[in-house]
Amino acid sequence: MMAKPQTPQKRGERRYDFHALEEKWRPRWRATELYRTGDDPAKPSIYILDYFPYPSGNGLSVGHCRNYVPTCVSARFHRMRGYNVLHPMGWDAFGLPAENYAVTHGVHPRQTTERFAANYRRQMELVECSYDWSREINSADPAYYRWTQWFFLLLFGRGLAYRAPGSQWWCPQCRTILANEQVEDGRCWRCDSVVTRKELEQWYFRITDYADRLLADLDTVDWPERIVDMQRNWIGRSEGAEVVFTTRPINTSPFVATPHSGNAPDEIKTTEAITTSEEIPVFTTRPDTLFGVTFLALAPEHPLVGRIVTADYAVEVAAYVEAAGGLSEIDRLATDREKSGVFTGAYATHPLSGTPVPIWVADYVLAGYGTGAIMGVPGHDARDFDFARRYDLPVIEVVSQEPPATKGHEPSIFTDEGTLINSGPFDGQPSAEAGAAIAALLAARQQGGPRVTYRLRDWLISRQRYWGAPIPIIHCPACGAVPVPEADLPVLLPDIDDFSPPGDGRSPLARAEAWVNVPCPQCGRPARRETDTMDGFACSSWYFLRFADPHNDERPFDAEAVRAWLPVDIYVGGAEHAVMHLLYARFWTKVIYDAGLIDFAEPFARLRNQGMLLSPLDGQKMSKSKGNVVTPDEVITAYGTDVLRTYILFLGPFDANALWDDRGIVGAQRFIERYWALAHDVASLPDDGQPFDETFERARHQIIRRLTGDMSRFRFNTAVAALMEYVNDLYAARARPIGGRQWREAIGTLTLLLAPIAPFATEEVWQEALRHKGSVHRAEWPAYDETLAADEVVTIIIQVNGKLRDRVQMAADAGNDTLREVALANEKAKSAVGKQPIRDVIVVPGRLVNVVTG
């Protein structure tokens, strides 16, 4: 971007030199700690927080300003309104990108993250984000991750952290395990590589214990509805019934599953022939369809597959299981993919009818969801119907939309609720009634019963990488998993030369033998440290608490400090972490609440998601790899900080995507220059006894009211637009006989309203042109008179069929829809209309509304 020349200076006019203003005021504000968190007990408090950013080597683009500038403006606005404001910043410094960079460039990740964080801070200060830097924290600092480890031990002690084996998502590029939430469309959320499966013993947090509370408390927060819906869907609470089928005893054949490139188990599994029965529990949301079951389907990974397959089908089943291991869950669930499966040769007994039910293996059944087995009801489920048609399995209709007597067509699929048929004693009952009765009968027979299940799975937190908080556990052959004593925290990351993961499922830390080998804290015998590190989301699940008391060496935070500031009042960031960071932070908060350490159970009272700022080069998200980035550095060099901030806010609604336009920023530049010129033009006008202009004064009160509302509601684009209109009105008013005192009051008000947006120009005008003492950023937000701020009103006549029924006072600029709604809600008009149908509503703007009936 080329620097644009500033507007030529007119004779006698003081030039707007943003370079000089920024050089003048930045050091003064730093010296006076202008943004330090207030602690006046007589003032209300507000906590405004941005998402914890990861400092990448690319630095900030102007896209990052889409949330950092609005939160800064909100913080400034609330300071001027008399609030103690906590507006901090820190760094989510652990994670794969830093480690990958270190591996590639041979630099320790501690050095790179410190350098990158320093650059982020430099750019944020360049944009004049009003953070209290005295509270800066870094998740990779031992003084911070000591307490992350402390919280791990808190969860461990409460039975919420455990180690278990399992088949997990594995990223071959990052060479580490991923949580379910970190796999998007079958790919790693970080590097976009196709993920596979790997058998490893891993650490988990028991987030499923909090599923109901995580759901219920979504009703208590002020969050965007789409984020609430995403969390509800991810938790996925389903009410239904468990149905237990029992396999029929049969001689089975030893079963061999060949490993498939990391997707199947690491060891070949062989089972001996058995003649006992096995229970196969399934979950269904439609117990009313139980009599329509014509097959059972197990996930290829289901542990029963190897125990029930018969000799005649063992080879075919083994091949199918091996092939299924090479498919991602996304591929297996694709709606446009033909359903496939293989018969095991085994049968189960229907728990109510006693009929034999064939058992299949089908890859559209997933081991990680429900019980890993489903009851196939092809008459009432689309996937089961397709499967049954392909393999010529029976289709039995047991729920009908019509009374049974009128049936007579061929079996088909009907997925809605209705009336039961072909269901023995339950025939003729509605679905809901029959479903409840069937579930109760299953419970009485100890073959299942009513159940609630969740899509949510426990949070996998192990990472086989170096750059993360070490898990504070020591493995002792005699004592098992032993927590590191609190007095020994933090467990420091050792300095090692080779950060590259070996790729065999172990962490690089496993090579640090001197660090790994330690005595057991309980028995003193030789033991080994846990070499996995914690998922970076563990560090960001509590950082908002630390900001309230960031330098405490005795505990993670002081309870009184947290009580004074938390929960976070306004939390701002992108929607991409809806089912990761936001869910995990809510879970940790509830655990900490249950431990009696805090007095609230939801961390973020109000959440706002900013829209994306798209590159002018290709209309895509700005990315250094795409070469489409615009940096704040180049924009500020050309236009100044005030213009950048103004344009960022003016681009559009806060939560909407917007396109950066180098031409559009000229409008913001012109606005700031016009404000600057007008302020200096009228600041020295004499009070020459001109009559008081009531219209001029009314406009001043109206702009205060509008800006106060827009700032409170995060409507920054309309706030800037209103200020632009007000400046235009002020220029037009110069032709009227208005005294100097009234002019100075108007410019003073304009300066106060603009101050959160354009801090440099307004500070100069406030102190130098208007001769006020002290910073404009510590001045009080202007108040308005409700009467003067009210919109101009007109009398609207309300008619019914042309006859006068009432007169009402309305704003002169009220729209047709508003006038129509008021007329239809008017009691006198409603009485005249009675039960007659309304044929039309005629609106004459500013004059009348005629309701026409008949």
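Calculation criteria
Residues numbered from 1 in each chain as written. Predicted model: local features only at pLDDT ≥ 70, side-chain atom pairs only at ≥ 80, totals over all residues. Heavy atoms only, no water. Pairing = 2+ DSSP bridges. Helix = DSSP H or I, 4+ residues; strand = E, 2+ residues; numbered from the N terminus. Axes fitted to C-alpha atoms, helices over the stretch in contact; angles between N-to-C directions. Expected span 1.5 Å × (residues − 1). Buried < 20%, exposed > 50% of the residue type's maximum accessible area, 1.4 Å probe, protein only. Contact = heavy atoms within 4.5 Å. Salt bridge = Lys/Arg side-chain N within 4 Å of Asp/Glu carboxyl O. Phe/Tyr/Trp six-rings, centres within 6.5 Å; stacked < 30°, edge-to-face > 60°. Lys NZ or Arg CZ within 6 Å of the ring centre and 35° of its normal. Parallel < 35°, antiparallel > 145°, perpendicular 65-115°, else oblique. Left-handed = near helix turned anticlockwise from the far one by under 90°. pLDDT = per-residue confidence, 0-100. Core = buried A, V, L, I, M, F, W, Y, C linked by side-chain atoms within 4.5 Å.

## Some points on the sheet that holds strand β28 (residues 793-800)
Moving on, step 1. Taken together, four strands build an open sheet; the order of strands is β29-β28-β31-β30 and the sheet is mixed. Two strands bound the open sheet, and with one partner strand each, they are β29 (803-811) and β30 (838-844). The mean inter-strand angle of the sheet, taken between neighbouring strand axes irrespective of direction, is 20 degrees.
Moving on, step 2. Note that β28 and strand β31 (residues 848-853) share four bridges and pair parallel. Residue pairing in the sheet places Ile-798 in a bridge with Val-849 of β31.

## Some words on helix α20 (residues 665-682)
Moving on, step 1. For α20, spanning 18 residues, the distance from its first C-alpha to its last is 26 Å, which sits close to the expected 26 Å at 1.5 Å a residue.
Moving on, step 2. Within α20, the full set of buried residues consists of Ile-665, Ala-668, Gln-669, Phe-671, Ile-672, Glu-673, Arg-674, Tyr-675, Trp-676, Leu-678, Ala-679 and Val-682.
Moving on, step 3. Against α1 (18-31), α18 (632-639), α19 (641-650), α22 (716-733), α23 (740-754) and α24 (759-769) lie the buried residues of α20.

## Brief notes about the pattern of salt bridges
Moving on, step 1. Under the counting rule described, the total for this entry stands at 41 salt bridges.
Moving on, step 2. Where Asp-217 meets Lys-590, a salt bridge forms, and the shortest distance between an N and an O atom there is 2.4 Å. Note that Asp-217 is positioned in the loop between α6 (211-216) and α7 (225-235) and Lys-590 in helix α17 (residues 581-594), a separation of 373 residues in sequence.
Moving on, step 3. Put simply, Arg-736 and Asp-693 hold a salt bridge, and the shortest N to O gap is 3.0 Å. One end of the pair, Arg-736, is in the loop between α22 and α23; the other, Asp-693, is in the loop between α20 and α21 (694-712), and 43 residues separate them in sequence.

## Notes on the environment of Leu-819
Moving on, step 1. Of note, Leu-819 is situated in helix α26 (residues 816-825).
Moving on, step 2. Judged by its relative accessible area of 4%, Leu-819 falls in the buried class.
Moving on, step 3. Residues Leu-819 and Ala-699, 120 residues apart in the sequence, show an inter-C-alpha distance of 24 Å.
Moving on, step 4. Apart from residues no more than four positions distant in its own chain, Leu-819 is found in contact with Ile-796, Met-810, Ala-814, Val-843, Pro-845, Gly-846 and Val-849.

## Notes on the packing of aromatic side chains
Moving on, step 1. All chains considered together, the criterion is met by 49 aromatic pairs.
Moving on, step 2. Taking the centre distance of 4.9 Å and the plane angle of 70 degrees together, the rings of Phe-544 and Phe-604 count as edge-to-face. Taken as a pair, Phe-544 in helix α15 (residues 543-546) and Phe-604 in the loop between α17 and β25 (607-609) lie far apart in primary sequence, 60 residues in all.
Moving on, step 3. Above the ring of Trp-25, the side-chain terminus of Arg-28 is found at 4.9 Å from the ring centroid.
Moving on, step 4. Against the face of Tyr-731 rests Arg-674, its NZ or CZ located 4.1 Å from the ring centre.

## Remarks on the sheet that holds strand β3 (residues 161-171)
Across a sheet, strands are paired by hydrogen bonds formed along the backbone, either parallel or antiparallel in direction.
Moving on, step 1. Taken in spatial order, the four strands make up an open sheet running β4-β3-β7-β17, and their pairing is antiparallel. Each edge of the sheet is formed by a strand with only one pairing partner; in this case those strands are β4 (176-178) and β17 (459-460).
Moving on, step 2. Against the sheet, helix α5 (residues 142-157) makes contact with β3 and β7 (196-205), and its axis sits at roughly 85 degrees relative to β7, the strand it touches most.

## Describing the packing of α19 against α20
Angle between the axes and distance between the axes: these two values describe a pair of packed helices.
Moving on, step 1. Contact geometry of α19 with α20 gives a least axis separation of 9 Å together with a crossing angle of 120 degrees. With respect to their mutual orientation, α19 and α20 come out oblique. Where α19 crosses over α20, the handedness of that crossing is right-handed. Residues Val-643, Thr-646 and Tyr-647 of α19 form the contact with α20, whose participating residues are Ile-665, Ala-668, Gln-669, Phe-671 and Ile-672.

## Concerning the confidence of the model for the chain
Moving on, step 1. Residue-level pLDDT values for the chain average 90, and 93% of them are 70 or greater.
Moving on, step 2. Overall, residues 252-274 carries pLDDT values under 50, and its contacts beyond four positions in sequence, including any with other chains, amount to 57 contacts.

## What about unusual backbone geometry?
Moving on, step 1. Each neighbour pair has its own omega, and for Leu-489 with Pro-490 the value is 0 degrees, a cis peptide bond.
Moving on, step 2. In this structure, Pro-490 sits in the loop between β20 (480-483) and α13 (513-516).
Moving on, step 3. Along the chain, Leu-566 connects to Pro-567 via a cis peptide bond; the corresponding omega equals 0 degrees.
Moving on, step 4. In this fold, Pro-567 is placed in the loop between α16 (559-565) and β24 (570-573).
Moving on, step 5. Not every positive phi belongs to a glycine, and Glu-128 is a case in point at roughly 60 degrees.
Moving on, step 6. Its identity as a non-glycine residue notwithstanding, Phe-714 has a phi of 65 degrees, on the positive side.

## Here's the deal with the pairing of β3
Moving on, step 1. Both β3 and β7 contribute to a ladder of 10 bridges, which runs antiparallel. In the sheet register, Gln-168 faces β7, and the bridge partner there is Lys-198.
Moving on, step 2. Note: β3 against β4, three bridges, orientation antiparallel. Residue pairing in the sheet places Trp-170 in a bridge with Ile-177 of β4.
Moving on, step 3. Linking β3 to β4, which pair antiparallel, is a turn of four residues; within it Arg-175 sits at a positive phi near 55 degrees.

## Re the environment of Phe-156
Moving on, step 1. Mapped onto the secondary structure, Phe-156 falls in helix α5.
Moving on, step 2. On the basis of relative accessibility, which here comes to 22%, the residue Phe-156 falls in the partly exposed class.
Moving on, step 3. If we ignore the near neighbours within four places in the chain, the residues touching Phe-156 are Ala-161, Trp-203, Ile-473, Ala-481 and Pro-483.

## Thoughts on the pairing of strand β13 (residues 373-376)
A regular strand carries its side chains on alternate faces of the sheet.
Moving on, step 1. Because side chains alternate across β13, one face comprises the buried residues Ala-373 and Met-375, and the other comprises Ile-374 and Gly-376, equally buried.
Moving on, step 2. Pairing of strand β10 (residues 295-298) with β13 involves four bridges; the strand directions are antiparallel. By the bridge assignment, Leu-298 is partnered in β13 with Ala-373.

## Concerning the environment of Ile-374
Moving on, step 1. Along the chain, Ile-374 falls in strand β13.
Moving on, step 2. What makes Ile-374 buried here is its relative accessible area of 19%.
Moving on, step 3. Expressed as a C-alpha distance, the spacing of Ile-374 and Trp-360, which sit 14 residues apart in the sequence, is 10.0 Å.
Moving on, step 4. In this structure, Ile-374 is in contact with Val-282, Phe-295, Leu-296, Ala-297, Tyr-364, Val-365 and Asp-384, ignoring residues within four places of it in sequence.

## Focus: α22
Moving on, step 1. Along its 18 residues, α22 runs 25 Å from first to last C-alpha, staying within 8% of the 26 Å computed at 1.5 Å per residue.
Moving on, step 2. Among all positions in α22, only Phe-716, Asn-717, Ala-719, Val-720, Ala-722, Leu-723, Met-724, Tyr-726, Val-727, Leu-730, Tyr-731 and Ala-733 are buried.
Moving on, step 3. Along its buried surface, α22 packs onto α2 (65-80), α19, α20, α21 and α23.

## Overview of the nonpolar core
Moving on, step 1. If you look at the biggest cluster of nonpolar residues, it comprises 95 residues, and the most contacted ones within it are Phe-152, Phe-544, Leu-545 and Leu-566.
Moving on, step 2. Here the element with the most residues in this core is α5; it accounts for nine residues.
Moving on, step 3. Those residues in contact with Phe-152 that sit more than four places away from it in its chain are Ala-161, Trp-203, Phe-205, Ile-461, Ile-471, Pro-472, Ile-473 and Met-534.
Moving on, step 4. Within the second largest apolar cluster, 93 residues are counted, among which are Tyr-35, Leu-753, Phe-760 and Val-776.

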